[in-house]
Number of protein chains: 4
Amino acid sequence: MPTKHEKTTLADCQSQQDHRRIRIDKVGVKDLRYPIIVRDKKTQEPRHTVAIVSLAVDLPEHFKGTHMSRFVEILNSCCPEMNIERIPILLRELQKKLHAEAAHLTLEFPYFIEKQAPVTGAKGLVDYHVKLEGSVYGNDIDVVLTVTVPVTTLCPCSKAISEYGAHNQRGYVTLAARFAGMLWIEDMISLIEASASAPIYSLLKRPDEKFVTEQAYENPVFVEDLVRNVAVRCNEHADITWYKVEAENMESIHNHSAYACVEKPAE
Amino acid sequence: MPTKHEKTTLADCQSQQDHRRIRIDKVGVKDLRYPIIVRDKKTQEPRHTVAIVSLAVDLPEHFKGTHMSRFVEILNSCCPEMNIERIPILLRELQKKLHAEAAHLTLEFPYFIEKQAPVTGAKGLVDYHVKLEGSVYGNDIDVVLTVTVPVTTLCPCSKAISEYGAHNQRGYVTLAARFAGMLWIEDMISLIEASASAPIYSLLKRPDEKFVTEQAYENPVFVEDLVRNVAVRCNEHADITWYKVEAENMESIHNHSAYACVEKPAE
Amino acid sequence: MPTKHEKTTLADCQSQQDHRRIRIDKVGVKDLRYPIIVRDKKTQEPRHTVAIVSLAVDLPEHFKGTHMSRFVEILNSCCPEMNIERIPILLRELQKKLHAEAAHLTLEFPYFIEKQAPVTGAKGLVDYHVKLEGSVYGNDIDVVLTVTVPVTTLCPCSKAISEYGAHNQRGYVTLAARFAGMLWIEDMISLIEASASAPIYSLLKRPDEKFVTEQAYENPVFVEDLVRNVAVRCNEHADITWYKVEAENMESIHNHSAYACVEKPAE
Amino acid sequence: MPTKHEKTTLADCQSQQDHRRIRIDKVGVKDLRYPIIVRDKKTQEPRHTVAIVSLAVDLPEHFKGTHMSRFVEILNSCCPEMNIERIPILLRELQKKLHAEAAHLTLEFPYFIEKQAPVTGAKGLVDYHVKLEGSVYGNDIDVVLTVTVPVTTLCPCSKAISEYGAHNQRGYVTLAARFAGMLWIEDMISLIEASASAPIYSLLKRPDEKFVTEQAYENPVFVEDLVRNVAVRCNEHADITWYKVEAENMESIHNHSAYACVEKPAE
């Protein structure tokens with residue numbers, strides 16, 4: 001007679017028949033923290049970071065449940081190295097190992113870039129929030145890359161109507177894009193920073209602070225301007241086939257945000 | 001000569017012409033905290049709560065900016081009383097005062113219901129997270145009501161394979177619905193609670209704790225079962241025309257969640 | 001023979017003897033959401049809001065457990081009306097019903113004040129985060145009132161070194177205080193707002209925006225200045241016997257905060 | 001004449017005299033995200049992760065401000081390698097470069113450990129939340145290491161009174177400790193996991209799920225038991241000189257947490 005913890009044949013509830021006739025669109029694991037490695041554009045150096053990962057597949061109506069432990073096994077076998085090219089591999093593994101038609105993944109992580117202060121050249125790491133989303137339906141793979149970039153925004157109205165000064169604040173621009181070929185996180189960040197009043201740095205000495213203060217004052221933008229500036233640049237970008245850009249200003253004169261959004265319809 | 005704070009004619013930057021030819025889908029205020037009143041189904045008593053509010057309109061390509069202060073003025077004029085019937089009024093005000101074709105609003109708030117413990121009848125308030133979303137495009141109004149309900153879920157697999165016990169945990173079911181006629185928050189909550197292993201209470205005495213422990217053990221559900229049970233009930237509901245149901249289990253044996261989702265295509 | 005859900009005598013595990021000889025400092029319920037009513041200083045009107053509540057008592061070393069359901073019963077019996085004077089009542093109830101020597105409570109909630117814009121007088125509600133903390137040890141009651149106030153801060157260095165403009169941002173000042181007599185939330189907010197570059201409003205028309213922009217430019221403060229200005233005012237306040245003031249600026253030129261803190265030792 | 005962005009002599013506001021006679025306890029940067037490397041106990045392999053960093057110093061009453069950019073420079077010079085032994089080095093640098101008597105740092109980060117499932121030996125990474133806090137006052141250095149560990153907790157009362165089953169849930173135990181010699185994150189985690197109903201894993205196959213379900217049922221613990229079990233183990237630990245242990249159960253039958261806390265007075 002087996003002792004209670006022995007590996008005897010254990011019931012497989014998940015593989016039982018289901019009779020409710022409801023196909024499940026997505027089932028899987030959510031908000032699993034996982035260390036990953038992403039390569040830097042310029043140096044191709046590995047950048048270590050920590051992702052929040054969600055993985056899911058569809059489930060036909062006649063199966064009672066999916067096999068949750070396989071999601072983690074697949075993640076273990078495909079990580080830590082992670083980048084846009086590896087998303088299809090991970091999606092195909094999910095399809096195959098879970099006998100699914102559709103598979104989905106989301107990875108969100110902070111990504112660091114070394115930036116030089118504009119006058120002194122002092123170096124510091126700035127963190128950007130990145131989201132990688134992938135889906136496969138049969139043979140069709142869909143990938144969306146999203147980057148959230150902190151920027152300085154200075155209010156054109158406040159500047160125009162005031163004798164001196166102008167309210168400004170930290171804003172966050174979130175750009176989601178589909179693309180042909182390759183799209184780099186670094187390029188999306190540059191595109192967004194060029195659309196704001198001024199970029200944000202982690203290390204600024206006094207001459208740099210003077211520079212960015214004046215730069216912001218010379219380049220006032222509403223949230224409306226910010227999303228339009230980004231949209232114009234995305235429209236001109238050869239590889240971006242779809243985008244959605246959102247801007248949110250943590251208003252320095254209010255306790256709420258100003259928000260704007262432009263989405264380009266998928267081709 | 002006017003002193004600097006006098007009300008002279010101040011430049012209206014927002015009304016300037018814009019030449020980038022980018023129409024803005026949504027622009028407005030986001031994450032404004034606001035006290036509101038929602039009526040209870042049974043008693044029609046006012047229930048006071050605090051909402052996070054976002055309001056937005058579209059902006060034609062030839063205008064530089066919207067007028068942010070009007071959003072708050074419109075909210076002030078329409079609140080604190082808030083319910084599903086008042087959403088179209090608020091949306092029409094946004095259209096009118098901001099000369100917009102489309103308008104959007106989102107209110108999220110905790111909503112409290114007094115529940116009686118199943119054996120002793122002890123009373124306690126349970127909080128549910130509610131989201132009201134409305135959009136108008138020209139004359140077409142679209143409203144979505146979303147409720148997130150905490151429940152107990154007990155794992156069928158763990159129960160089947162173990163000599164005794166079964167892992168269980170708090171789960172959250174989020175049901176979003178479009179509907180003909182009226183849909184009550186209270187009815188959505190009941191529908192969800194009936195689909196789980198057991199409901200959740202804020203006040204349980206020992207006989208109640210015994211009851212819900214055994215109730216959960218007798219009604220094991222995977223996240224897959226949970227969303228299917230809710231989907232079946234929504235399919236049978238006369239007034240629900242569209243729904244999306246998501247379930248998330250804060251797994252007691254893992255540090256991540258199990259997740260499932262079923263969406264009914266809009267008719 | 002009783003059916004399984006009948007109210008028979010159920011074991012009271014909590015009252016069992018414990019032999020580990022470890023006294024528990026605090027045991028209770030945490031993060032319970034609850035609707036409460038707080039009175040306004042000026043109008044004495046009831047202000048409805050939603051609190052996050054934690055309640056705890058100490059537990060002598062010889063008892064295995066506390067009785068969790070009583071915390072919720074005591075809250076039900078003392079709420080929804082809640083204010084500083086009612087804290088001792090709630091603490092005494094906890095001591096009595098749970099046979100405890102020490103009892104502790106924390107309530108955190110948004111509190112709304114109607115503010116008038118500085119030039120046009122336009123009215124809007126601004127939300128402040130309030131924390132009420134109370135403890136009783138035997139007969140000694142200790143109460144701490146904490147308010148977090150959003151403000152505008154404009155950087156003195158940026159103003160001094162730049163040809164034009166100055167970076168500014170939303171800052172949050174958190175003031176915790178012990179006091180003799182009565183201390184009003186409204187007075188703490190005024191004290192903090194007077195210490196910043198400018199107050200924050202929810203509704204500003206263009207003449208108001210001009211006013212606060214110039215006001216902030218005329219009153220630059222570092223986080224250091226902000227906490228010192230508040231500290232000086234607290235030192236001069238007849239009823240404040242202890243305080244801790246913290247300021248955090250959501251820097252518009254960085255993706256991190258500037259922070260400062262001053263604490264007055266308890267008398 | 002210098003152009004506006006040239007490096008001319010720029011006013012040093014921070015070094016100006018202050019006359020408010022208020023010494024500042026802490027001033028610095030807060031919530032800076034930063035990639036760090038922590039060594040694993042067993043393998044001494046570098047573990048890459050991402051920290052939230054706060055750094056501060058005191059400021060004498062006669063100085064107007066600190067020099068914020070130096071905090072980031074010091075962090076850049078001391079990181080990415082980070083561990084308990086390096087905290088004093090970082091604190092001394094803060095004292096020296098900012099001419100301060102006291103200096104403070106806090107690093108919070110997820111830390112990953114590969115765990116093997118109890119029956120099948122399947123491997124998976126589990127994430128733990130770690131906080132490193134250090135302070136120096138003159139020559140006295142104080143370091144506190146805090147680890148938050150997810151565990152399974154099964155309710156003794158629910159088990160005792162129910163015919164079958166017992167409610168269980170994910171709990172979080174937070175142990176903060178001061179220590180003589182060296183204290184490893186891995187050892188604190190083991191100490192906590194041994195005090196709960198069962199440890200948590202990221203990858204469990206069916207035989208493992210059976211094992212942990214039964215293990216939890218055999219080892220019921222209240223939050224009170226959990227903190228006491230940890231306290232007993234800390235009291236027996238040769239190197240732990242002070243500790244504070246908190247347990248929080250995400251109750252599967254309620255929408256709030258059960259909480260307990262024991263603190264050992266510093267020696």
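Please refer to the structure placed before this passage.
Residues numbered from 1 in each chain as written. Chains lettered and ligands numbered in written order. Predicted model: local features only at pLDDT ≥ 70, side-chain atom pairs only at ≥ 80, totals over all residues. Heavy atoms only, no water.

S.K.: A description of the overall build of chain A should follow, citing residues and the corresponding values.
M.R.: Of regular secondary structure, chain A possesses six helices and nine strands. By the compact-globule yardstick of 18 Å for 267 residues, chain A is too spread out, its C-alpha radius of gyration being 23 Å. Judged by the C-alpha coordinates and their principal axes, chain A covers about 85 × 40 × 35 Å. When the accessible area of chain A is evaluated, it comes to approximately 10100 Å², of which 49% is carbon and sulfur surface. (Helix = DSSP H or I, 4+ residues; strand = E, 2+ residues; numbered from the N terminus. Rg over C-alpha atoms; globule rule 2.2 N^0.38 Å. Areas by Shrake-Rupley, 256 points an atom, 1.4 Å probe, with all protein chains shown as cover.)

S.K.: Summarise empty space enclosed by the protein; cite the residues concerned and give the values.
M.R.: Vacant regions in the atomic arrangement are exposed by a probe of water-molecule size rolled over the atoms. Summed over all chains, the structure comprises seven cavities of 30 Å³ or more. In this model, the largest cavity occupies a volume close to 60 Å³. Among the secondary structure elements, those contributing two or more residues to the lining of the largest cavity are β1 (24–39) of chain B together with β4 (123–137) of chain C. Looking at the lining of the largest cavity residue by residue, the class counts come to five nonpolar, three polar and three charged. (1 Å grid on protein atoms, 1.4 Å probe; cavity = no way out; pocket = protein on both sides within 12 Å on 5 of 7 lines; lining within 4 Å. Points joined across faces, edges and corners; volume = space filled by probe spheres on them. Nonpolar A, V, L, I, M, F, W, Y, C, P; charged D, E, K, R; others polar.)

S.K.: Tell me about the state of the cysteines, and please be specific about residues and values.
M.R.: This model, assessed by the stated rule, comprises zero disulfides over all chains. Cysteine C234(A) remains unbridged, with the sulfur of C261(A) as its closest cysteine sulfur at 12 Å. Residue classification places C234(A) among the buried residues on the basis of a relative accessible area of 1%. Summary of cysteine pairing: C157(C) is not part of a disulfide, and the nearest cysteine sulfur, belonging to C155(C), is at 5.0 Å. (Disulfide = S-S within 2.5 Å. Buried < 20%, exposed > 50% of the residue type's maximum accessible area, 1.4 Å probe, protein only.)

S.K.: Which residues make up the interface of chain B and chain C, and what are the values?
M.R.: In this assembly, 36 residues from chain B lie in contact with 36 residues from chain C. In total, about 3400 Å² of surface goes out of reach between chain B and chain C, with carbon and sulfur atoms giving 62% of it. Residue K205(C) pairs with E73(B) through a salt bridge whose shortest N-O separation is 3.2 Å. Viewed at the interface, chain C and chain B are joined by 13 residue pairs in polar contact (both at pLDDT 80 or more). Every element with two or more residues in the side of chain B that touches chain C is listed here: β1, β2 (46–59), α1 (68–78), β3 (102–116), β4 (123–137) and α5 (206–218) of chain B. Looking at which element gives the most residues to the side of chain B that touches chain C, the answer is α5(B), with six residues. A class-by-class count of the residues in the side of chain B that touches chain C yields 14 nonpolar, 10 polar and 12 charged. (Contact = heavy atoms within 4.5 Å. Buried area = accessible area lost by both parts, 1.4 Å probe. Salt bridge = Lys/Arg side-chain N within 4 Å of Asp/Glu carboxyl O. Polar contact = N/O pair within 3.5 Å; in protein donor to acceptor, adjacent residues only side chain to side chain.)

S.K.: Account for the interface of chain B and chain A, naming residues and giving values.
M.R.: The interface is formed by 53 residues belonging to chain B together with 53 residues belonging to chain A. Taking both partners together, chain B and chain A bury about 4200 Å²; carbon and sulfur atoms supply 59% of that area. Together, I22(B), K30(B) and R228(B) form the three largest contributors to the area buried by chain B at its contact with chain A, with a combined 17%. Counting across the interface, chain B meets chain A through eight salt bridges. Of the charged contacts in the structure, one is a salt bridge between R20(A) and D225(B), with a shortest N-O distance of 2.4 Å. Viewed at the interface, chain A and chain B are joined by 30 residue pairs in polar contact (both at pLDDT 80 or more).

S.K.: Explain the environment of G121(C) residue by residue, including any values.
M.R.: All names here are of chain C. Structurally, G121 is set in the loop between β3 (102–116) and β4. What makes G121 partly exposed here is its relative accessible area of 23%. Considered as a pair, G121 and E45 are 76 residues apart in the sequence and their alpha carbons are 21 Å apart. Not counting residues up to four positions away in its chain, the partners in contact with G121 are Q116 and D208.

S.K.: Mind laying out the relation of the copies chain B and chain C, listing which residues take part and the relevant values?
M.R.: Think of it as a corkscrew move, a rotation about one axis and a shift along it, taking one chain copy to the other. Once chain B is rotated about the relating axis by 180° and shifted along it by 0.0 Å, it coincides with chain C to within an RMSD of 0.0 Å. Expressed as an axis order, the relation between the two copies is that of a two-fold axis. (Least-squares fit on C-alpha atoms with pLDDT ≥ 70 in both.)

S.K.: I'd like to hear about the packing of helix α1 (residues 68–78) of chain A against helix α2 (residues 87–97) of chain A, residue by residue, with values.
M.R.: All names here are of chain A. Contact geometry of α1 with α2 gives a least axis separation of 10 Å together with a crossing angle of 145°. As α1 packs across α2, the resulting crossing turns out to be right-handed. Between α1 and α2, the residues in contact are R70, F71, I74 and C78 and L90, E93, L94 and K97, respectively. Looking at the contact of α1 with α2 residue by residue, the classes come out as five nonpolar, no polar and three charged. (Axes fitted to C-alpha atoms, helices over the stretch in contact; angles between N-to-C directions. Left-handed = near helix turned anticlockwise from the far one by under 90°.)

S.K.: Run through the pairing of strand β6 (residues 168–179) of chain B, naming residues and quoting values.
M.R.: Residues and elements named next belong to chain B. Counting buried residues in β6 gives 10 out of 12 residues, a clear majority hidden from the surface. In this sheet, β6 lies alongside strand β5 (residues 140–154) in antiparallel orientation, the contact comprising 10 bridges. Counterpart to V149 in the pairing with β6 is V173. The sheet contact formed by β6 and strand β8 (residues 240–249) spans nine bridges and is antiparallel. Bridged to V173 within β8 is A247. (Pairing = 2+ DSSP bridges.)

S.K.: Give a detailed account of the layout of surface pockets, specifying residues and quantitative values.
M.R.: Estimated volume of the second largest pocket: approximately 1200 Å³. Taken together, 34 residues make up the lining of the second largest pocket; nearest its centre are K244(A), K26(B), T106(B), K131(B) and E133(B). Considering each element in turn, the lining of the second largest pocket owes the most residues, five residues, to β1(B). When its residues are assigned to classes, the lining of the second largest pocket shows 11 nonpolar, seven polar and 16 charged.

S.K.: Can you explain helix α4 (residues 185–193) of chain D? Please cite residues and give values.
M.R.: Counting buried positions over the nine residues of α4(D) gives seven, a clear majority of the element. Taken as a whole, α4(D) has its buried residues at I185(D), E186(D), M188(D), I189(D), L191(D), I192(D) and E193(D).

S.K.: I'd like a rundown of α1(B), residues and numbers included.
M.R.: What α1(B) keeps buried is the set S69(B), F71(B), V72(B), I74(B), L75(B) and C78(B). Buried residues in α1(B) make contact with β1, β2 and α2 (87–97) of chain B.

S.K.: I'd like a description of the pattern of salt bridges, backed by residues and values.
M.R.: Overall, the coordinates contain 72 salt bridges over all chains when judged by the stated rule. For R20(A), the salt bridge identified is with D18(A), shortest N-O distance 2.5 Å. Accessibility expressed as a relative area gives 7% for D18(A), which makes it buried. With a shortest N-O distance of 3.4 Å, D12(C) and R206(B) are connected by a salt bridge. Note that D12(C) is positioned in the segment before β1 (24–39) and R206(B) in helix α5, a pairing that runs across two chains. For D12(C), a relative accessible area of 27% puts it in the partly exposed group. Residue class for R206(B) comes out partly exposed when judged on its relative accessible area of 25%. Connected through salt bridges with shared partners, the residues D18(A), R20(A), K64(A), D225(B) and R228(B) form a single ionic network.

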